[in-house]
Structures are given as C-alpha cells and as structure tokens.
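Commentary on secondary and tertiary structure
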Amino acid sequence: MVPFVDLKAQYHSIQDEITSAIRGVLESCQFTLGKEVAAFEEEFAAYCGVKHAVAVNSGTSALHLALLAAGIGPGAEVIAPAMTFVATVAAIWYTGAKPVLVDIDPQSYTIDVSRIEAAITPRTRAILPVHLYGQPADMDPLLTVAKRHNLLVIEDAAQAHGAEYNGRRAGSFGEMGCFSFYPGKNLGAYGEGGLVTTNNPEYVRTIRMLRDWGAEKKYQHVLKGYNYRMEGIQGAVLRVKLRHLEAWTEARRANARRYDTLLAGAGVVTPRAMPYARHVYHIYAIRTSQRADLQEALRQRDVQSGIHYPQPVHLLEAYRDLAYRPGSFPVSEQLGNEELSLPMFAELTEVQAQEVASAIRAFAKR
Ligand SMILES: Cc1ncc(COP(=O)(O)O)c(C=O)c1O
C-alpha cells in the first residue's frame, strides 16, 4: 500500500524528541501560548527571514486576523485566486469584505498576475496570493501591481513553509504572511495551528491582541477580539519539527524529481517548478483528462491519491452569492477537473514512488 501521506512514519522518526517536548509542557502547565509558543514564534520568524511572527490556532485564523489588522472590512474588496482551498476566501468573507476572484496561470497554478489589474476597483484594498501546492506566486510583478495601485499584499503561505521566490522565503514578501500547521502540512502540528509573519510591529501588536480577546493586559479589552490562541503543546511540537523541516523539504524535492523522471512520457502532465521558485511540494499535482479512471486504477493497486481541489471556489455552493458562473475562470476549472495529487511526504521510498509510477504507466498503456 502507498499512503497519500504517512504521518506515523514521521512521528516514529522523532518520537523521543516529541515525547520530551510534550512532557515539558505538561510539567510547565503552560497550555495556551506560554514559553514554547513564544520561542516557536521567534524561530519561525527567523526561518522565514522576517522580524516577527504571531502564532494562532489555525491557518484560517491567521488569514482572518491578518486581514483585520490590515484594516480590511465591510466595503473593501480583496483579490484572491479562484483556485485555492476555501479558507482563503472564507477569511475574506469573515471580515465583511468582498472576495474578488482572478484566474490562475496554467503553468504555475498560482494567481495569474496579468489578470489582476482588470479586477481592481476603487474599493480594492488588498491582494491575497496563494502559494498553491508549495510554489510561490509570481511575487515581483504582483508587488509591482500592488504598489502601482496602493494595495496591501497578504500572502496565503499555508502550503508553502520554506518555499522561496528568487531566494527569499514565502511569508516575507507581503505586509503579512499566513501559515497553517494543520497536521498534513509540510510543517504540521499535532492538532491545529497557524501563524502570521510580518516586519511591522503595529500588526504584531494588533494580532497579539485580536488572538486573545482584544486585550493588551488581562481584562482590558481594547479591541473586539477572538479566542485564537495557539496551544502550548502545539508550540512545543512545532519547535521540534522545525528543526527537521529543511531535511524533510529536501526529501520532498528529491521525491518530486524522482516522480518527474519516472512519469516522463507516461501520458500525464507533471508539475512545473517555475525558474524563480523553490517549490516545496506540499502537493505533487499531476493533470490528466482521465482523472476518475486513473484514480480508480491507482486505488486498485492500493495507491492512495487526492484531489486539490475538485471545484474552484467560485463553483462551490457556499459562494454562489459571489455571482460568478461556470466559465468565469477556465484555467481554474480545468485544474479542478484534471488535477490528481500523488502520494508525497519526506519518507516516501524509492520503491513506493516506482509503484505509483508503474501504476500510472500501466494505466496509460491499457
Ligand atoms: C491555501 C490554504 N489556505 C488556508 C488554509 C487554512 O488553514 P487551516 O486548515 O490551518 O485553518 C489551508 C489549509 O487547510 C490552505 O491550504
């Protein structure tokens, strides 16, 4: 059997470190925020090459608070790609602002920067690029457009821990960067977690308040806030795992190169790492016009796979009120119809990758 991800294999490789980190939290009884979370914030900020990080309880909360800290609210519009996980658009909606969607680029699968200007209106306040599958959006031209129109940039880096654009880390380009530590992410907590990166101390102050009921000091509620605090155990687990992240990322990249080679000429479109990108392959996304049949053929050989995502956001029932239609974003819709995610994790063995590739090749020949 080839699993889609193997969280157990990773856990077993770091079991002793994890046990002792969790025991430390149990002894300290710092179950929410606390020393471990504060240390993780510092270490993750350094890892991203930014001055500050504020840890929260999910990637969705990170996006929500980053948008609020940027002053986004009712009457504002925020531009985001149509093909993303629903949380990107949901977070815009939470603030009362209107999500305005733009199609993706057919090569990189990230927001098509050449289409952003047509989506800008007098109400546009921010652009929210998503570094989909672990590949950064094309940030230089995007930042140029943002500057020309005086827009803020907030990165959705939920899938892009350690990804780089021309040598700079994801999460260091915009006013703020938002990360998720959902367990299956490249850096995953043992529960939920998220974080906002920034170089701006004002945003740090606001987000620190908003994540803890809007209080700067206990019971002095300056803002109408939320309970979005990161748990102490998650901070401790993430500190352990951050020490391994570079090795895991290089292993993912090696696995991707192996797939690229094994799948050449196998009748599927393999992912394109753009020249500017250090792609961290949160998802190894292939494309095929025969997705349902290929997925079934893989299943019959005990190879798990995934779809990220079957529908772009504008076609989801919950977002019908955005008033887009089928055909509004053809590239996103094609990806929704054709994308298939192959097993991808640091511990994936050569034998497993060969099994996946041979199942795909057998399907092509049938
Ligand atoms: C692109 C993207 N944005 C936002 C999120 C939300 O993160 P979380 O699940 O931690 O709330 C996720 C992950 O689930 C994601 O993949």
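For the structure given in this document, a descriptive report is provided here.

The rules behind each value
- Residues numbered from 1 in each chain as written.
- Predicted model: local features only at pLDDT ≥ 70, side-chain atom pairs only at ≥ 80, totals over all residues.
- Heavy atoms only, no water.
- Helix = DSSP H or I, 4+ residues; strand = E, 2+ residues; numbered from the N terminus.
- Rg over C-alpha atoms; globule rule 2.2 N^0.38 Å.
- Buried < 20%, exposed > 50% of the residue type's maximum accessible area, 1.4 Å probe, protein only.
- Contact = heavy atoms within 4.5 Å.
- Areas by Shrake-Rupley, 256 points an atom, 1.4 Å probe, with all protein chains shown as cover.
- Near = heavy atom within 4 Å.
- Polar contact = N/O pair within 3.5 Å; in protein donor to acceptor, adjacent residues only side chain to side chain.
- Nonpolar A, V, L, I, M, F, W, Y, C, P; charged D, E, K, R; others polar.
- Pairing = 2+ DSSP bridges.
- Right-handed = clockwise from strand over helix to strand, strands pointing away.

Scanning the chain from N- to C-terminus turns up twelve helices and 14 strands. In terms of overall dimensions, the chain is globule-like: its C-alpha atoms have a radius of gyration of 20 Å, near the 21 Å expected for 366 residues. Viewed in the frame of its principal axes, the chain has a C-alpha envelope of about 70 × 55 × 35 Å. In the chain, which comprises 366 residues, the proportion classed as buried is 56%. Taking the contacts inside the chain whose residues are at least 6 apart along the sequence as the reference set, 71% of them involve residues at least 24 apart. Of the roughly 15,500 Å² that the chain leaves accessible, carbon and sulfur atoms contribute 50%.

Another aspect to go through is the site of the ligand. The local shell around the ligand holds 16 residues, among which Gly59, Thr60, Asp156, Ser180 and Lys185 are the closest. Within the side chain of Thr60, a nitrogen or oxygen atom sits 2.5 Å from an oxygen atom of the ligand. Coverage of the ligand by the protein amounts to 92% of the 380 Å² it exposes when considered alone. Listed by contribution, the elements that provide at least two residues to the shell around the ligand are helix H4 (59–69) and helix H5 (86–94). Counted by class, the shell around the ligand contains six nonpolar, eight polar and two charged residues.

This part covers the pairing of strand E3 (residues 98–102). Walk down a regular strand and you will see the side chains alternate between the two sheet faces. Among the five residues that make up E3, four are buried, leaving the element largely enclosed by the rest of the structure. In this structure, strand E2 (residues 77–81) lies alongside E3, joined through five bridges in parallel fashion. Bridge assignment links Glu77 to a residue of E3, and that residue is Lys98. Note that the unit made of E2, H5 and E3 has a crossover that is right-handed.

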